Amino acid sequence: MTPKERIPKPSKSQVQTPAEGSDGVADALLTAARQIFETGGLPALTVRRVAIAAGCTTMQVYSRYNGKNGLLQALFDEGFTALANAQQSVPHSLPAAERVRQLCREYLRIASEKPSHYALMLGAHSGDFQPVKESGERAMATLSNLIEAVARALPQTSNQDARAKDVAHQILALCHGWAMLSATPLVDGTRPEVIDQAISSLLDSNSMYPTKLDTP
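A few points on the structure. (Residues numbered from 1 in each chain as written. Predicted model: local features only at pLDDT ≥ 70, side-chain atom pairs only at ≥ 80, totals over all residues. Heavy atoms only, no water.)

Let's talk about the overall build of the protein chain
In step 1: Of regular secondary structure, the protein chain possesses 10 helices and zero strands.
In step 2: Going residue by residue from the N terminus, the α and β elements of the protein chain occur as α-α-α-α-α-α-α-α-α-α.
In step 3: Within the protein chain, the proportion of its 216 residues that are buried is 40%.
In step 4: The long-range fraction of contacts in the protein chain, counting pairs at least 24 apart against all pairs at least 6 apart in sequence, stands at 69%.
In step 5: Element-wise, carbon and sulfur atoms account for 56% of the exposed surface of the protein chain, whose accessible area totals about 12300 Å². (Helix = DSSP H or I, 4+ residues; strand = E, 2+ residues; numbered from the N terminus. Buried < 20%, exposed > 50% of the residue type's maximum accessible area, 1.4 Å probe, protein only. Contact = heavy atoms within 4.5 Å. Areas by Shrake-Rupley, 256 points an atom, 1.4 Å probe, with all protein chains shown as cover.)

With respect to the packing of helix α4 (residues 68–88) against helix α7 (residues 133–141)
In step 1: Two numbers describe how α4 lies on α7: the axes approach to 10 Å, and their chain directions differ by 20°. With respect to α7, the axis of α4 lies roughly parallel. The crossing of α4 and α7 is left-handed. When α4 is examined against α7, the residues Gln73, Phe76, Asp77 and Phe80 are found in contact with a partner set consisting of Ser135, Arg138 and Ala139. (Axes fitted to C-alpha atoms, helices over the stretch in contact; angles between N-to-C directions. Parallel < 35°, antiparallel > 145°, perpendicular 65-115°, else oblique. Left-handed = near helix turned anticlockwise from the far one by under 90°.)

Let's talk about the side chain of Ser135
In step 1: Positionally, Ser135 belongs in helix α7.
In step 2: Within the structure, Ser135 has its side chain in polar contact with the side chain of Asp77 (distance 2.3 Å).
In step 3: Ignoring sequence-local partners within four residues, the contact set of Ser135 consists of Gln73, Phe76 and Asp77. (Polar contact = N/O pair within 3.5 Å; in protein donor to acceptor, adjacent residues only side chain to side chain.)

Some points on the packing of aromatic side chains
In step 1: Scanning all chains against the criterion turns up three aromatic pairs.
In step 2: Measuring from ring centre to ring centre gives 6.4 Å for Phe76 and Phe129, while their planes differ by 65°; the resulting arrangement is edge-to-face. Remark: Phe129 occurs in the loop between α6 (115–121) and α7 and Phe76 occurs in helix α4; sequence separation between them is 53 residues.
In step 3: An angle of 90° between the planes, with centres 5.7 Å apart, marks the rings of Tyr107 and Tyr118 as edge-to-face. One end of the pair, Tyr107, is in helix α5 (residues 96–113); the other, Tyr118, is in helix α6, with 11 residues separating them in the sequence. (Phe/Tyr/Trp six-rings, centres within 6.5 Å; stacked < 30°, edge-to-face > 60°.)

Without other data, these values stay purely geometric and don't point to any function.
Below, the structure written as structure tokens:
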């Protein structure tokens, strides 16, 4: 028989004291979940660990968040909120191609600073967790800034919207690949000029050569 997992008892400095009222308890639980999630990743996040770290009971985790999935939902939303805020901070007044590059730098910054959130945002789910529909739609909306900037950076065509989406998806795939490789010894993620050059090449190639969508 496999022995039960032994979870170290947190020290007094690690255990939070929830504020009075349901909101205080919910905040304490989410703060504890975030700390566990950011230090140990998805495998470390359990209802029991969160309850102990927050100074709460497991029942309170279920009453406030409906268990682990509710905590994952909150963390999922946190990640995309951080990404949306970062991208919205990029000035619209920048030249279009430069704005595309800066949006991508912000994307990569969030991926680097919040690797556990980023993994969850990109599909590293646990068990049967799936983001609620409204949350998923808000997540997809974070692409809108990139698509808008790409549309401005490309020559005008009769299929501008569809073409901008295609190129934005190409750039997103490039950024995701770079983010994943930057977490390994294979590439130096501290050199953003490399990804800048790759993005510029993508924009230039799509400006010079019409896609099938542009062919009469």
